[in-house]
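Descriptive analysis of the structure
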Amino acid sequence: MRSALPLAVLSSILLTSAALAAPSVVASTKPIQSLVAAVMGDTGTPTLIVKGAASPHTYSLRPSDAAALESADIVFWTGHGLELFLAEALETLSTRAQVVELAETPGITLLPLREGGAFEAHEHEDEDHAHEDEHEHEDEHDHAEADGDMHFWLDPQNASLMVTHIAATLAAADPENAAIYASNAEAELARLTALEAELTATLAPVAASPFIVFHDAYQYFEARFGLTVAGTVTVSPETMPGAARIDALRAKVSELGATCVFAEPNFEPAIVRTIVEGTDAEAGTLDPEGASLTEGPDLYGELLRSLASGLVECLG
C-alpha cells in the first residue's frame, strides 16, 4: 500500500494548482506591472509589454506582445493619452479580455497638463519643424491633451488606490485566490505608506531648489513631495526641441537659477548638456518609468527611491 503524501508536498500541489488556475494577466508598463505583480504574489506573474529600456511614448508592439494580448484574461494599462500604441491593439487583439484602464481607478487624482511659459502649449512646441511634422503629431497631441497628465503612478497615494483596485479586479475574476490578493494588497499598501514617509524626509532639504526636466512626467511626484519644477526641455517626448526652444531654456535656467536640468535614459542626453553649457546648472538623469530597473514587484519602490536619490544628488 502506498503511503499518504506528506502534508508539505500536498500543500505545495494545492498551491501550484491555485497558481495555475489564476487568470492570465498582462500589464502595459514596468510601474503598472510592478504593482500588479505585488498583488498577484505567488499566484502568477503578469506579462509585461514595454520591456527593458523601451519607452511607452515610442513603443511598437512585437509579435510576442500581440500573442500575450490575445490570450490575456485581464489587461491592466495606464489608459488613453500615454500608451497610444496600445489603444487600437486592445480593441483588435484583447477582445476576450477584461481591459482595466487604471486612469479610471476610483478616487485617483488626475492633474491637467501644464501649459504656458516653460511648459509651452503643445501646438507651439514644433515651431521649428515643417508643417507636415506638425500635422503628423496633431492627433496624438490632441488625444493626450484630452486625457490630462497620465503619469499618475508617480504619486504613491495614487499607487495605493491602484493596488486596491487591482486586488478587487483580480478577486472578482479569480475568487479562489481572493484571500491571497487581499493579503498581498494589504502588505503592499503598508510598504507604500512607509515609502511616502521615507521620501518626504529624503526630499525635504531640496524641495525649494528649482530644476528643469526632460518632459513633464513628474508633476505628481513634485506635487506629493513639494518639489519645484521650473519647466521642461520638450513638451512631447516624441519630438525633440528645436534651436529656439533650447535657447529659451538656457535663458530660463539662468533667469531662475535652476540648479539642475535632467535628461531621461530613453532620449538623447546631448540636448541637456547643450542647455546647461555656460550656466551654473548641472546635468542629471531621472527615469520616470524604470528603464534601468528590473521588472517585478520591487520595481515600484526602487523607481521612486531612484527619482529621489537622483534629485538629491544633483540638487544638493
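Before reading further, recall that the structure is shown in the block above.
The structure contained in this document is the topic of the report that follows. (Residues numbered from 1 in each chain as written. Predicted model: local features only at pLDDT ≥ 70, side-chain atom pairs only at ≥ 80, totals over all residues. Heavy atoms only, no water.)

Section: the sheet that holds strand 1 (residues 25-27)
Our working definition: Note on pairing: DSSP must find at least two bridges between two strands before they are called paired. The helix count covers DSSP runs of H or I at least four residues long, the strand count covers runs of E at least two residues long, and both are numbered beginning at the N terminus.
Reading across from one edge, 2-1-3-4 is the order of the four strands in this open sheet, with parallel pairing throughout. Taken across any chain shown, the strands that pair with only one partner, and hence form the sheet edges, are strand 2 (47-48) and strand 4 (98-101). Pairing geometry for strand 1 and strand 3 (residues 74-77), over three bridges, is parallel. Bridging across to strand 3, Ala27 finds its partner in Phe76.

Some details on helix 9 (residues 243-256)
As a reminder, the rule being used: What a helix should span is 1.5 Å times the count of its residues minus one. A simple rule labels every residue: compare its accessible area, found with a 1.4 Å probe on the protein chains alone, to the largest value its type can have, and call it buried under 20%, exposed over 50%, or partly exposed in between. Within this analysis, the arc is defined by the directions that extend from the helix axis to the C-beta atoms. Contacts are assigned to residue pairs that have any heavy atoms within 4.5 Å of one another.
With 14 residues, helix 9 ought to run about 20 Å at 1.5 Å a step, and its terminal C-alpha atoms sit 20 Å apart, in line with that. Within helix 9 the residues assigned to the buried category are Arg245, Ile246, Leu249 and Val253. The buried residues of helix 9 all sit within an arc of 95° when viewed along its axis, so they share a single face. Exposed and oriented more than 90 degrees from the buried face of helix 9 are Ala243, Asp247, Ser254 and Glu255. Contacts from the buried residues of helix 9 go to strand 5 (210-213), strand 6 (228-232), strand 7 (260-263) and helix 10 (270-276). Phi turns positive one or two residues past the end of helix 9, at Gly257, with a value near 65°.

Side note on the state of the cysteines
In a disulfide, the sulfur atoms of two cysteines are held together by a covalent bond. Our working definition: In this description, a disulfide is simply a cysteine sulfur pair whose atoms lie within 2.5 Å.
Scanning the model with the defined rule gives one disulfide in all. Through a disulfide, Cys260 is tied to Cys314; the S-S separation comes to 2.0 Å. Across the S-S bond of Cys260 and Cys314 the torsion is about -115°, and the bridge reads as left-handed. Placement of the pair is Cys260 in strand 7 and Cys314 in helix 11 (residues 299-315), with a sequence separation of 54 residues. On the basis of relative accessibility, which here comes to 0%, the residue Cys260 falls in the buried class. On the basis of relative accessibility, which here comes to 15%, the residue Cys314 falls in the buried class.

Re the sheet that holds strand 8 (residues 282-285)
Convention followed: Here, axes are lines fitted to C-alpha atoms. For helices the fit covers the stretch in contact, and angles between N-to-C directions go from 0 to 180 degrees.
Taken together, the four strands give an open sheet; going across it, the order is 6-5-7-8, and neighbouring strands pair in parallel fashion. With one partner strand each, in any of the chains shown, strand 6 and strand 8 form the two edges of the open sheet. Each adjacent strand pair in this sheet contributes to an overall mean axis angle of 30°, direction not counted. Direction of pairing for strand 5 relative to strand 7: parallel, over a ladder of two bridges. Looking at strand 7, one finds that Phe211 is bridged to Cys260. Its contacts with the sheet put helix 11 on strand 5, strand 7 and strand 8, and the angle it makes with strand 7 is roughly 145°.

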